[in-house]
Amino acid sequence: MKVIAIQGSPHRGNTYDRVEDFERAVVDLGNVEFTHIPLCEIRLEGCRGCFLCFSKGEESCPISDDLKLIREKIEEADAVVFATPVYSMHISYLMKLLVDRLAWKFHRPSYFGKYAVGLAVTGAVGLRETLKYIQMFSEGWGFQYAGSLRHKDPPRNTAMPQFKQGKSEVRDLAEKLHRLMLTNPPRKLRMNDHLMFHAMRTVYSRMKEYSPADYEYWKSKGWLDPGARYFTENARVGFLKSIYPRLLSGIIGRSMDKSLSKSRETEK
Ligand SMILES: Cc1cc2nc3c(=O)[nH]c(=O)nc-3n(C[C@H](O)[C@H](O)[C@H](O)COP(=O)(O)O)c2cc1C
(Lines give C-alpha, C1' and ligand atoms only; values in the text may rest on other atoms or scores of the structure.)
Protein backbone atom coordinates (compact mmCIF):
# COMPACT_ATOMS: atom_id res chain seq x y z
CA MET A 1 0.00 0.00 0.00
CA LYS A 2 1.34 3.40 -0.94
CA VAL A 3 1.13 6.50 1.22
CA ILE A 4 2.56 9.83 0.10
CA ALA A 5 2.99 12.94 2.23
CA ILE A 6 2.73 16.25 0.39
CA GLN A 7 4.32 18.85 2.63
CA GLY A 8 3.74 22.55 2.39
CA SER A 9 6.46 23.76 4.75
CA PRO A 10 9.08 25.93 3.05
CA HIS A 11 11.86 24.07 4.93
CA ARG A 12 12.54 20.74 6.59
CA GLY A 13 11.29 21.92 9.97
CA ASN A 14 8.60 20.91 12.45
CA THR A 15 6.12 19.81 9.80
CA TYR A 16 8.67 17.46 8.30
CA ASP A 17 9.39 15.93 11.74
CA ARG A 18 5.68 15.42 12.46
CA VAL A 19 5.21 13.71 9.10
CA GLU A 20 8.09 11.40 10.01
CA ASP A 21 6.28 10.50 13.28
CA PHE A 22 3.24 9.52 11.25
CA GLU A 23 5.42 7.67 8.74
CA ARG A 24 6.96 5.54 11.52
CA ALA A 25 3.53 4.75 12.97
CA VAL A 26 1.95 3.70 9.68
CA VAL A 27 5.00 1.86 8.28
CA ASP A 28 5.28 -0.15 11.54
CA LEU A 29 1.86 -1.64 10.78
CA GLY A 30 3.32 -3.39 7.74
CA ASN A 31 3.12 -3.48 3.96
CA VAL A 32 3.31 0.32 3.55
CA GLU A 33 5.59 2.22 1.20
CA PHE A 34 5.84 5.86 2.35
CA THR A 35 7.07 8.70 0.12
CA HIS A 36 7.76 12.32 1.10
CA ILE A 37 6.97 15.08 -1.36
CA PRO A 38 8.25 18.37 0.10
CA LEU A 39 6.77 21.09 -2.12
CA CYS A 40 9.73 23.37 -1.35
CA GLU A 41 12.00 20.97 -3.24
CA ILE A 42 9.77 20.74 -6.30
CA ARG A 43 9.51 22.98 -9.35
CA LEU A 44 5.99 24.30 -8.95
CA GLU A 45 4.83 27.62 -10.42
CA GLY A 46 1.89 29.73 -9.28
CA CYS A 47 -1.43 29.68 -11.12
CA ARG A 48 -1.67 32.47 -13.74
CA GLY A 49 -5.43 32.78 -13.51
CA CYS A 50 -6.27 32.08 -17.18
CA PHE A 51 -9.07 29.65 -16.17
CA LEU A 52 -8.29 27.40 -19.18
CA CYS A 53 -8.02 24.31 -16.95
CA PHE A 54 -11.65 24.81 -15.94
CA SER A 55 -13.14 25.73 -19.28
CA LYS A 56 -11.04 23.80 -21.81
CA GLY A 57 -9.41 21.13 -19.69
CA GLU A 58 -6.32 20.77 -17.51
CA GLU A 59 -4.11 19.90 -20.51
CA SER A 60 -4.60 23.52 -21.66
CA CYS A 61 -2.68 24.88 -18.66
CA PRO A 62 0.14 27.07 -20.06
CA ILE A 63 2.55 26.11 -17.24
CA SER A 64 4.99 23.29 -17.72
CA ASP A 65 6.56 22.25 -14.41
CA ASP A 66 6.59 19.32 -12.00
CA LEU A 67 2.87 19.34 -11.18
CA LYS A 68 2.54 16.31 -13.45
CA LEU A 69 4.95 14.35 -11.20
CA ILE A 70 2.86 15.17 -8.13
CA ARG A 71 -0.29 14.11 -10.00
CA GLU A 72 1.35 10.83 -11.00
CA LYS A 73 2.33 10.16 -7.39
CA ILE A 74 -1.21 10.88 -6.20
CA GLU A 75 -2.61 8.53 -8.86
CA GLU A 76 -0.35 5.71 -7.64
CA ALA A 77 -1.09 6.32 -3.94
CA ASP A 78 -3.73 4.71 -1.75
CA ALA A 79 -3.54 7.61 0.70
CA VAL A 80 -2.18 11.15 0.76
CA VAL A 81 -1.12 13.08 3.84
CA PHE A 82 -1.55 16.82 3.25
CA ALA A 83 0.84 18.36 5.77
CA THR A 84 1.32 22.05 6.41
CA PRO A 85 2.53 24.45 9.05
CA VAL A 86 -0.04 27.01 10.18
CA TYR A 87 1.14 30.33 8.76
CA SER A 88 -1.04 33.36 9.43
CA MET A 89 -3.92 31.17 10.59
CA HIS A 90 -4.03 29.05 7.41
CA ILE A 91 -2.24 26.58 5.17
CA SER A 92 1.17 27.70 3.90
CA TYR A 93 1.54 29.48 0.55
CA LEU A 94 3.11 26.35 -0.98
CA MET A 95 0.12 24.21 -0.07
CA LYS A 96 -2.24 26.89 -1.39
CA LEU A 97 -0.23 27.02 -4.58
CA LEU A 98 -0.83 23.30 -5.08
CA VAL A 99 -4.55 23.68 -4.29
CA ASP A 100 -4.90 26.46 -6.88
CA ARG A 101 -3.05 24.47 -9.53
CA LEU A 102 -5.46 21.59 -8.95
CA ALA A 103 -8.55 23.76 -8.47
CA TRP A 104 -10.23 22.25 -11.56
CA LYS A 105 -10.49 19.03 -9.52
CA PHE A 106 -13.31 20.71 -7.57
CA HIS A 107 -15.29 20.57 -10.84
CA ARG A 108 -13.93 17.23 -12.04
CA PRO A 109 -13.17 15.20 -8.91
CA SER A 110 -11.32 11.94 -9.46
CA TYR A 111 -9.62 10.72 -6.30
CA PHE A 112 -12.40 8.34 -5.23
CA GLY A 113 -11.12 5.23 -3.49
CA LYS A 114 -8.18 7.15 -2.02
CA TYR A 115 -7.86 8.41 1.55
CA ALA A 116 -6.64 11.78 2.80
CA VAL A 117 -5.11 12.74 6.13
CA GLY A 118 -4.73 16.36 7.20
CA LEU A 119 -1.67 17.20 9.31
CA ALA A 120 -1.12 20.71 10.62
CA VAL A 121 1.59 22.11 12.87
CA THR A 122 1.12 25.40 14.68
CA GLY A 123 2.94 27.53 17.20
CA ALA A 124 -0.29 28.08 19.13
CA VAL A 125 -3.48 28.73 17.15
CA GLY A 126 -5.10 28.22 13.75
CA LEU A 127 -5.30 24.42 13.65
CA ARG A 128 -9.08 24.28 13.30
CA GLU A 129 -9.27 26.65 10.31
CA THR A 130 -6.30 25.01 8.60
CA LEU A 131 -7.51 21.42 8.98
CA LYS A 132 -11.05 22.32 8.01
CA TYR A 133 -9.68 23.71 4.75
CA ILE A 134 -7.60 20.58 4.08
CA GLN A 135 -10.67 18.43 4.67
CA MET A 136 -12.73 20.64 2.35
CA PHE A 137 -10.35 20.55 -0.61
CA SER A 138 -9.43 16.87 -0.29
CA GLU A 139 -13.09 15.83 -0.11
CA GLY A 140 -13.87 18.21 -2.96
CA TRP A 141 -11.34 16.35 -5.11
CA GLY A 142 -12.89 12.99 -4.26
CA PHE A 143 -10.73 11.73 -1.38
CA GLN A 144 -12.31 10.14 1.65
CA TYR A 145 -11.06 12.05 4.69
CA ALA A 146 -9.57 9.61 7.20
CA GLY A 147 -8.83 12.21 9.90
CA SER A 148 -6.65 15.03 11.17
CA LEU A 149 -3.43 15.29 13.14
CA ARG A 150 -3.03 18.40 15.24
CA HIS A 151 0.43 19.40 16.46
CA LYS A 152 1.76 22.30 18.46
CA ASP A 153 5.44 23.04 17.98
CA PRO A 154 7.04 26.41 18.66
CA PRO A 155 9.01 27.97 15.81
CA ARG A 156 12.58 26.72 15.43
CA ASN A 157 15.31 29.08 16.67
CA THR A 158 13.20 30.32 19.57
CA ALA A 159 13.36 29.62 23.27
CA MET A 160 9.65 28.87 23.47
CA PRO A 161 8.85 25.67 25.36
CA GLN A 162 8.10 22.42 23.50
CA PHE A 163 4.62 20.93 23.86
CA LYS A 164 4.18 17.22 24.41
CA GLN A 165 2.97 15.38 21.34
CA GLY A 166 -0.14 13.23 21.46
CA LYS A 167 1.55 9.98 20.43
CA SER A 168 -1.63 7.96 20.85
CA GLU A 169 -3.47 10.19 18.35
CA VAL A 170 -0.76 9.57 15.76
CA ARG A 171 -0.92 5.82 16.36
CA ASP A 172 -4.75 5.76 16.34
CA LEU A 173 -4.99 7.57 13.01
CA ALA A 174 -2.20 5.42 11.53
CA GLU A 175 -4.17 2.31 12.55
CA LYS A 176 -7.41 3.70 11.16
CA LEU A 177 -5.81 4.61 7.84
CA HIS A 178 -4.08 1.24 7.59
CA ARG A 179 -7.38 -0.57 8.23
CA LEU A 180 -9.20 1.56 5.65
CA MET A 181 -6.56 0.95 2.99
CA LEU A 182 -6.66 -2.79 3.65
CA THR A 183 -10.43 -3.20 3.64
CA ASN A 184 -11.61 -0.28 1.48
CA PRO A 185 -15.13 -0.35 2.98
CA PRO A 186 -18.08 1.37 1.24
CA ARG A 187 -18.12 5.11 1.87
CA LYS A 188 -20.80 6.16 4.37
CA LEU A 189 -22.42 9.19 2.79
CA ARG A 190 -23.44 12.24 4.78
CA MET A 191 -26.23 14.56 3.69
CA ASN A 192 -23.53 16.95 2.49
CA ASP A 193 -22.05 14.31 0.16
CA HIS A 194 -25.43 13.83 -1.52
CA LEU A 195 -25.85 17.57 -1.73
CA MET A 196 -22.50 18.03 -3.43
CA PHE A 197 -23.22 15.33 -5.97
CA HIS A 198 -26.77 16.39 -6.88
CA ALA A 199 -26.07 20.12 -6.88
CA MET A 200 -22.97 19.72 -9.06
CA ARG A 201 -24.83 17.33 -11.36
CA THR A 202 -27.60 19.90 -11.77
CA VAL A 203 -25.09 22.60 -12.67
CA TYR A 204 -22.80 20.61 -15.01
CA SER A 205 -25.67 19.05 -16.95
CA ARG A 206 -26.40 22.62 -18.10
CA MET A 207 -22.79 23.56 -18.85
CA LYS A 208 -22.24 21.99 -22.28
CA GLU A 209 -21.87 25.41 -23.91
CA TYR A 210 -20.22 27.34 -21.07
CA SER A 211 -17.84 24.81 -19.57
CA PRO A 212 -17.42 21.95 -22.07
CA ALA A 213 -14.56 20.25 -20.22
CA ASP A 214 -16.67 19.90 -17.08
CA TYR A 215 -19.72 18.76 -19.03
CA GLU A 216 -17.82 16.13 -21.05
CA TYR A 217 -16.10 14.81 -17.93
CA TRP A 218 -19.35 14.41 -16.01
CA LYS A 219 -20.98 12.80 -19.03
CA SER A 220 -18.09 10.38 -19.58
CA LYS A 221 -18.31 9.26 -15.95
CA GLY A 222 -22.03 8.48 -16.29
CA TRP A 223 -22.79 11.05 -13.55
CA LEU A 224 -25.34 12.79 -15.77
CA ASP A 225 -27.26 9.57 -16.44
CA PRO A 226 -30.85 9.73 -15.12
CA GLY A 227 -30.25 7.01 -12.50
CA ALA A 228 -26.87 8.29 -11.25
CA ARG A 229 -26.79 8.26 -7.45
CA TYR A 230 -23.23 9.15 -6.45
CA PHE A 231 -19.70 9.56 -7.81
CA THR A 232 -18.58 6.06 -6.91
CA GLU A 233 -20.23 2.65 -6.67
CA ASN A 234 -18.36 1.91 -3.46
CA ALA A 235 -20.73 3.93 -1.26
CA ARG A 236 -23.67 3.29 1.01
CA VAL A 237 -26.31 5.52 -0.55
CA GLY A 238 -29.02 6.02 2.08
CA PHE A 239 -32.17 6.94 0.14
CA LEU A 240 -33.61 9.14 2.93
CA LYS A 241 -30.51 11.29 3.16
CA SER A 242 -30.69 11.93 -0.58
CA ILE A 243 -34.29 13.24 -0.65
CA TYR A 244 -33.57 16.80 0.51
CA PRO A 245 -30.48 17.20 -1.74
CA ARG A 246 -32.51 15.97 -4.74
CA LEU A 247 -35.34 18.41 -4.00
CA LEU A 248 -32.93 21.28 -3.51
CA SER A 249 -31.10 20.43 -6.74
CA GLY A 250 -34.45 20.49 -8.56
CA ILE A 251 -35.01 24.04 -7.32
CA ILE A 252 -31.47 25.07 -8.29
CA GLY A 253 -32.00 23.52 -11.73
CA ARG A 254 -35.25 25.36 -12.38
CA SER A 255 -33.78 28.67 -11.31
CA MET A 256 -30.70 28.08 -13.53
CA ASP A 257 -32.94 27.25 -16.51
CA LYS A 258 -34.79 30.54 -16.00
CA SER A 259 -31.59 32.63 -15.83
CA LEU A 260 -30.02 30.82 -18.78
CA SER A 261 -33.05 31.31 -21.02
CA LYS A 262 -33.23 35.00 -19.96
CA SER A 263 -29.58 35.56 -20.85
CA ARG A 264 -30.07 33.77 -24.22
CA GLU A 265 -33.02 36.06 -24.98
CA THR A 266 -30.95 39.14 -24.15
CA GLU A 267 -28.17 37.91 -26.44
CA LYS A 268 -30.62 37.69 -29.39
C1 LIG B 1 5.31 33.07 8.58
C2 LIG B 1 4.84 32.35 9.81
C3 LIG B 1 3.53 32.51 10.21
C4 LIG B 1 3.05 31.85 11.34
N5 LIG B 1 1.75 32.00 11.69
C6 LIG B 1 1.29 31.37 12.79
C7 LIG B 1 -0.08 31.53 13.19
O8 LIG B 1 -0.89 32.15 12.53
N9 LIG B 1 -0.48 30.94 14.34
C10 LIG B 1 0.40 30.22 15.12
O11 LIG B 1 0.00 29.76 16.15
N12 LIG B 1 1.68 30.01 14.74
C13 LIG B 1 2.14 30.57 13.60
N14 LIG B 1 3.45 30.35 13.21
C15 LIG B 1 4.28 29.36 13.93
C16 LIG B 1 4.31 28.02 13.17
O17 LIG B 1 3.01 27.56 12.92
C18 LIG B 1 5.02 26.93 13.99
O19 LIG B 1 6.26 27.39 14.41
C20 LIG B 1 5.21 25.65 13.19
O21 LIG B 1 5.71 24.67 14.07
C22 LIG B 1 6.18 25.84 12.05
O23 LIG B 1 6.35 24.64 11.31
P24 LIG B 1 7.58 24.52 10.27
O25 LIG B 1 8.84 24.32 11.08
O26 LIG B 1 7.29 23.34 9.41
O27 LIG B 1 7.64 25.79 9.49
C28 LIG B 1 3.95 31.01 12.09
C29 LIG B 1 5.27 30.86 11.66
C30 LIG B 1 5.71 31.51 10.54
C31 LIG B 1 7.14 31.29 10.08
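Look above for the structure.
Reading guide: rules and limits
- Every chain is numbered on its own, with residues counted from 1 as its sequence reads.
- In keeping with the model being predicted, local features are shown solely for residues with a pLDDT of at least 70 and side-chain atom pairs are shown and tallied solely at 80 or more, while totals for entire chains, interfaces and linings include all residues.
- Processing note: side-chain calculations cover all non-hydrogen atoms of the structure and skip hydrogens and water entirely.
- Surface patches are drawn from residues lacking salt bridges whose relative accessible area is over 30%; two like charges belong together within 9 Å, two nonpolar side chains (Val, Leu, Ile, Met, Phe, Trp, Tyr) within 5 Å.
- Surface exposure here means Shrake-Rupley accessible area, sampled with a 1.4 Å probe, where a residue is shielded only by the protein chains that are shown.
- Here a salt bridge means any side-chain nitrogen of Lys or Arg lying within 4 Å of a carboxyl oxygen belonging to Asp or Glu.
- In this tally, Asp and Glu contribute negative charge and Lys and Arg positive charge; neither His nor the terminal groups of the chain are included.
- Where a charge sits is defined by one atom per residue type, namely NZ (Lys), CZ (Arg), CG (Asp) or CD (Glu).
- Comment: elements are numbered from the N terminus, with helices defined as DSSP H or I runs of at least four residues and strands as E runs of at least two.
- Classification of residues uses two cut-offs on accessible area relative to the type maximum, computed with a 1.4 Å probe and protein chains only: under 20% is buried, over 50% is exposed, and between them is partly exposed.
- What makes a residue near a molecule or strand is one non-hydrogen atom of that residue sitting within 4 Å of it.
- Residues adjacent in sequence count toward polar contacts only when both atoms are side-chain atoms; beyond that, a polar contact is any pair of N or O atoms within 3.5 Å, and within protein one must be able to donate a hydrogen and the other to accept it.
- The classification used treats Ala, Val, Leu, Ile, Met, Phe, Trp, Tyr, Cys and Pro as nonpolar, Asp, Glu, Lys and Arg as charged, and all other residues, Gly among them, as polar.
- Here a residue-residue contact requires only that any non-hydrogen atoms of the pair lie within 4.5 Å.
- Strands are treated as partners if at least two bridges between them are detected by DSSP.
- The axes used here are C-alpha line fits, helices contributing only the stretch in contact, and every angle between their N-to-C directions lies in the interval 0 to 180 degrees.
- Crossovers are described as right-handed under a simple rule: with the strands pointing away from the observer, the path leading from the first strand over the helix to the second runs clockwise.

Points about a negative patch on the surface
Logical step 1: Taken together, Glu-33, Glu-72, Glu-75 and Glu-76 make up a surface patch of like negative charges.
Logical step 2: If one sorts the elements of the negative patch by residue count, helix H3 (residues 67–76) sits on top with three residues.
Logical step 3: Relative to the elements of secondary structure, Glu-76 occurs in helix H3.
Logical step 4: On the basis of relative accessibility, which here comes to 44%, the residue Glu-76 falls in the partly exposed class.

Comments concerning the site of the ligand
Logical step 1: Surveying the vicinity of the ligand reveals 18 residues, the closest of which are Thr-15, Val-86, Tyr-87, Ala-124 and Val-125.
Logical step 2: Between Val-86 and the ligand, the recorded distance is 2.7 Å, taken from a backbone N or O atom to an oxygen atom.
Logical step 3: Tyr-87 places a side-chain nitrogen or oxygen 2.6 Å from an oxygen atom of the ligand.
Logical step 4: Here the ligand has 630 Å² of accessible area as a free molecule, and 74% of this is covered by the chains.
Logical step 5: For the shell around the ligand, the secondary structure elements donating two or more residues are helix H1 (14–27) and strand S4 (115–122).
Logical step 6: Residues of the shell around the ligand, tallied by class, amount to nine nonpolar, eight polar and one charged.

Quick word on the environment of Leu-67
Logical step 1: By secondary structure assignment, the location of Leu-67 is in helix H3.
Logical step 2: Residue classification places Leu-67 among the buried positions, given a relative accessible area of 8%.
Logical step 3: Between the C-alpha atoms of Leu-67 and Thr-158, which are 91 residues apart in sequence, the distance is 34 Å.
Logical step 4: Excluding its chain neighbours within four sequence positions, the residues that come into contact with Leu-67 are Arg-43, Leu-44, Leu-98, Arg-101 and Leu-102.

With respect to the sheet that holds strand S5 (residues 144–152)
Picture the strands of a sheet paired through backbone hydrogen bonds; they go either parallel or antiparallel.
Logical step 1: As summarised here, the arrangement of the five strands in space is S2-S1-S3-S4-S5, forming an open sheet in which the pairing is parallel. Of all the strands in the sheet, just strand S2 (33–38) and S5 have a single pairing partner and so form its edges. Taken over all neighbouring pairs, the strand axes of this sheet differ in orientation by 15 degrees on average, direction set aside.
Logical step 2: Taken together, the eight bridges between S4 and S5 define a ladder with parallel strand orientation. Following the sheet pairing, Thr-122 is matched in S5 by Lys-152.

Thoughts on the side chain of His-178
Logical step 1: Relative to the assigned elements, His-178 resides in helix H6 (residues 167–183).
Logical step 2: For His-178, a relative accessible area of 9% translates into the label buried.
Logical step 3: One polar contact links the side chain of His-178 to the main-chain carbonyl oxygen of Gly-30, over a distance of 2.7 Å.
Logical step 4: Leaving out residues up to four positions away in the same chain, His-178 has contacts with Met-1, Val-26, Leu-29, Gly-30 and Val-32.

Side note on a nonpolar patch on the surface
Logical step 1: A cluster of nonpolar side chains, namely Phe-239, Leu-240, Ile-243 and Leu-247, defines an oily patch on the protein surface of about 460 Å² accessible area.
Logical step 2: Positionally, Ile-243 belongs in helix H9 (residues 239–267).
Logical step 3: Using a relative accessible area of 33% as the deciding quantity, one classes Ile-243 as partly exposed.

Comments concerning the pairing of strand S1 (residues 2–7)
Logical step 1: The buried fraction of S1 amounts to five of the six residues, a majority that puts the element mostly inside the structure.
Logical step 2: Bridging between S1 and S2 involves six bridges; their strand directions are parallel. Across the sheet, Ile-4 pairs through a bridge with Thr-35, a residue of S2.
Logical step 3: For the handedness criterion, the β-α-β arrangement of S1, H1 and S2 is classed as right-handed.
Logical step 4: Bridging between S1 and strand S3 (residues 79–85) involves five bridges; their strand directions are parallel. Looking at the pairing, Ala-5 lines up with Val-81 of S3.

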